[in-house]
Amino acid sequence: IANLHKKELTFKFVIIGDFGVGKTSIIQRYTDGEFSSSYKVTIGADFAVKTLEWNEEIRINLHLWDIAGHERFGALTGIFYRHAFGAALVFDLTRPETFKSISKWLIDLRKKVSLPGGIQIPTILLANKGDITTKTVPIDIDAFCKENGIISWFVTSAKDNIHIDEAMIRLTAAALKNH
Ligand code: GDP
Ligand code: MG
């Protein structure tokens, strides 16, 4: 029997990181259940939606905001970050330099968005393309997350659908606590 009184929440999450790390692929995998190896610059819309039947009482609509091909530091406008309630930082395990960039993305994120009272929005870190290699997971990733207030990190693959659901649920659970 459908619960007609289900509470409906909407959370905006921003997905950020260097060009080519797999942001669009992760969003597509999570919202459509599909992966395409053919190159695509952007999902076209400002965001894609994933609806979670969280429990008997709560339905959550996740608005996953993708960068529309302008992955330059400082190029993202306030509109992109405005009212974001969570963030996923993504790097590419096949290109270590994309992990180095995470610090810069974090600075941009923390500067441009926070919760009322200046509280940081929940942030997770995704080491993507884990289907290709996991040998390149930075040895200091735990310490890095701790130092930077990142709540959790995951090896993911948009191609093989690894840990994407788990990661998004972790982020959603953290966001729910701030609601
Ligand atoms: P974006 O620029 O961060 O949005 O990256 P894209 O989602 O466009 O992905 C860049 C390229 O990496 C594309 O050719 C994707 O097919 C590929 N890609 C993305 N995620 C994965 C993954 O998990 N595994 C593999 N093997 N390739 C991936
Ligand atoms: Mg993209």
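Residues numbered from 1 in each chain as written. Chains lettered and ligands numbered in written order. Predicted model: local features only at pLDDT ≥ 70, side-chain atom pairs only at ≥ 80, totals over all residues. Heavy atoms only, no water.

In the nomenclature of an unreviewed UniProt entry, the protein chain corresponds to Ras-related protein Rab from the organism Rhynchophorus ferrugineus. Its UniProt record gives the protein chain a comment under Sequence similarities (unreviewed entry), which states: "Belongs to the small GTPase superfamily. Rab family." (UniProt positions renumbered as here; feature names shortened; annotations may be inferred.)

With that settled, the discussion passes to the nonpolar core. Counting 53 residues, the largest nonpolar core has Val14, Ile16, Leu109 and Leu125 as its most contacted members. With residues near it in sequence (within four places) discarded, Leu109 still touches Val14, Ile16, Tyr81, Ala87, Ile121 and Thr123. (Core = buried A, V, L, I, M, F, W, Y, C linked by side-chain atoms within 4.5 Å. Buried < 20%, exposed > 50% of the residue type's maximum accessible area, 1.4 Å probe, protein only. Contact = heavy atoms within 4.5 Å.)

This part takes up the sheet that holds strand β4 (residues 86–92). In a beta sheet, neighbouring strands pair by backbone hydrogen bonds and run either parallel or antiparallel. Spatially, six strands are ordered β2-β3-β1-β4-β5-β6 in an open sheet, and the strand pairing comes out mixed. A strand with exactly one partner marks an edge of an open sheet, and here the two such strands are β2 (47–53) and β6 (152–155). Each neighbouring strand pair of the sheet contributes to a mean axis angle of 25 degrees, computed without reference to strand direction. In this sheet, strand β5 (residues 123–128) lies alongside β4 in parallel orientation, the contact comprising six bridges. When the sheet's bridge partners are listed, Val90 is paired in β5 with Leu126. Its contacts with the sheet place helix α1 (residues 23–32) against β1 (7–16), β2, β3 (58–65), β4 and β5, and it is angled at close to 40 degrees to β2. Sheet strands touched by helix α4 (residues 102–112): β1, β4 and β5. Its angle to β4, the strand with the most contacts, is close to 165 degrees. (Pairing = 2+ DSSP bridges. Helix = DSSP H or I, 4+ residues; strand = E, 2+ residues; numbered from the N terminus. Axes fitted to C-alpha atoms, helices over the stretch in contact; angles between N-to-C directions.)

With respect to the secondary-structure elements, Thr123 resides in strand β5. On the basis of relative accessibility, which here comes to 0%, the residue Thr123 falls in the buried class. For Thr123, the side chain forms a polar contact with the main-chain oxygen of Ile121, separated by 2.9 Å. With residues up to four places along the chain from it excluded, the contact list for Thr123 reads Ala87, Leu89, Leu109, Arg110, Ile150, Ile151, Ser152 and Leu171. (Polar contact = N/O pair within 3.5 Å; in protein donor to acceptor, adjacent residues only side chain to side chain.)

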